[in-house]
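Analysis of the macromolecular model
Spelled out, the chains give:
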Amino acid sequence: RKGRRRAMGRFTMENDRLAVTIDDLGAELVSVYDKKYKREIIWQGDPTWWKRQAPILFPNVGKYYGDEYLYQGRHYVRDQHGFARDYELERMEESGNSVTHRFVSNEETRKVYPFDFELLITHRLTGAEVEIQWQIKNTGDHEMYFTIGGHPGFNVPVLPGTAYSDYALKFADDQNELKYIHIDMATGTGLPDKVYTMPLADHKYPLSKALFDLDALVFDGGQIQKAGIEMPDGTDYVTVLCDDFPNFGIWAAPGAPFVCLEPWCGRCDNFGYEGELKDKPGINHLKEEEVFKKVYTIAIGG
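Keep in mind that what you see is a predicted model, and the values were worked out from it rather than measured. (Residues numbered from 1 in each chain as written. Predicted model: local features only at pLDDT ≥ 70, side-chain atom pairs only at ≥ 80, totals over all residues. Heavy atoms only, no water.)

**So, the sheet that holds strand β11 (residues 117-126)**
With antiparallel pairing, nine strands are arranged side by side in an open sheet as β9-β10-β11-β12-β28-β24-β23-β16-β21. Of all strands in the sheet, those bounded by a partner on one side alone are β9 (90-94) and β21 (204-206). Along the sheet, successive strands turn relative to each other by an average axial angle of 20°, direction set aside. Inspection of the sheet shows β11 paired to strand β12 (residues 129-138) by 10 bridges, in the antiparallel sense. (Pairing = 2+ DSSP bridges. Helix = DSSP H or I, 4+ residues; strand = E, 2+ residues; numbered from the N terminus. Axes fitted to C-alpha atoms, helices over the stretch in contact; angles between N-to-C directions.)

**Let's talk about the pairing of strand β8 (residues 74-77)**
Two elements, strand β7 (residues 68-71) and β8, share four bridges in a ladder whose sense is antiparallel. What sits directly across from Leu 70, in β8, is His 75. Hairpin connection from β7 to β8: two residues lie between these consecutive antiparallel strands, with Gln 72 at a positive phi of about 50°.

**Some details on the side chain of Glu 276**
Along the chain, Glu 276 turns up in the loop between β26 (258-265) and β27 (284-286). Although Glu 276 lies buried, it forms no salt bridge, and the closest oppositely charged side chain, Lys 278, sits 6.3 Å away as judged by the N-O distance. Setting aside anything within four residues of it in sequence, one finds Glu 276 in contact with Leu 70, Tyr 71, Gln 72 and Gly 73. (Buried < 20%, exposed > 50% of the residue type's maximum accessible area, 1.4 Å probe, protein only. Lys, Arg positive; Asp, Glu negative; His and termini not counted. Salt bridge = Lys/Arg side-chain N within 4 Å of Asp/Glu carboxyl O. Contact = heavy atoms within 4.5 Å.)

**Observations regarding the side chain of Arg 52**
Relative to the assigned elements, Arg 52 resides in the loop between β5 (39-40) and β6 (56-57). Looking at Arg 52, the relative accessible area reads 14%, which means it is buried. Setting aside residues up to four positions removed in sequence, Arg 52 forms contacts with Glu 28, Trp 43, Gly 45, Arg 85 and Asp 86.

**Digging into the pattern of salt bridges**
Across all of its chains, the model carries 22 salt bridges by this definition. Note that Asp 23 is salt-bridged to Arg 10, the shortest N-O span being 3.0 Å. Taken together, the positions of Asp 23 in strand β3 (residues 18-23) and Arg 10 in strand β2 (residues 10-14) put the pair 13 residues apart, joining distant regions of the chain. For Asp 24, the salt bridge identified is with Arg 91, shortest N-O distance 2.7 Å. Of this pair, Asp 24 sits in the loop between β3 and β4 (28-34) while Arg 91 sits in strand β9, placing them 67 residues apart in sequence. In this structure Arg 91 comes out as buried when scored by relative accessible area, which is 14%. Here the salt bridges share partners, and the residues they tie into one network are Lys 170, Asp 202, Lys 204, Glu 230 and Asp 236.

As structure tokens, then:
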């Protein structure tokens, strides 16, 4: 049926094509069920490989060098990918085709991130697309610094009798190559001095389990506004549309049956970075009462 239904800690909205479920924990997208083809698109969080599904990364994408950052001369210890994903978020607004969650700074967050903020996360269902919008407001009295990103994982392979290597990454029609860097696996930070080229044939690149042996592929410079996964027969399986995102990650746990397509506004530190947070390459900043908005879309093919 169409419309919405409530479950403890989760919200599901659906239309003729998709049923979409968002968990109140981190406002995480935990299911996109394609009714037409009777299949689940979102990785279901098998902890053997990776326990999460589509976490929001805030107030930091990836790791800080040495697992700490410097702000006004003081060191703050922080894990990768921030803390928003680990909080139960308040469900503010819900309708038949959208839900908005709210997260505000508190005494606990200020200990590790000394800024006041309000974060609104909206999921909206339209046809065969799920739109994810982030809105961040600086509610404090001094400039705020952050990075933010999406991390949705998609089941691959999804068709019975097919292999991971039968699928391909697919990019915008005008792209014939992309440049990426790797992550230093010991520190989880970027290695920008060595840039690799991903040559595209017909704007595609075949998937292989070995592709992620050195962790994520990190694309800087706003190269990726569109990235998807193509079915073995050449049709679209799923596409992430992300206009005006400066960074993008593609990752899977080595050997795992999924792929993450990750639109980011900012990313992990570069290896060796020990400067102030405000001077970090790619950092976002908001003045008092200023608002940051960004939207990306997950489009289901076929």
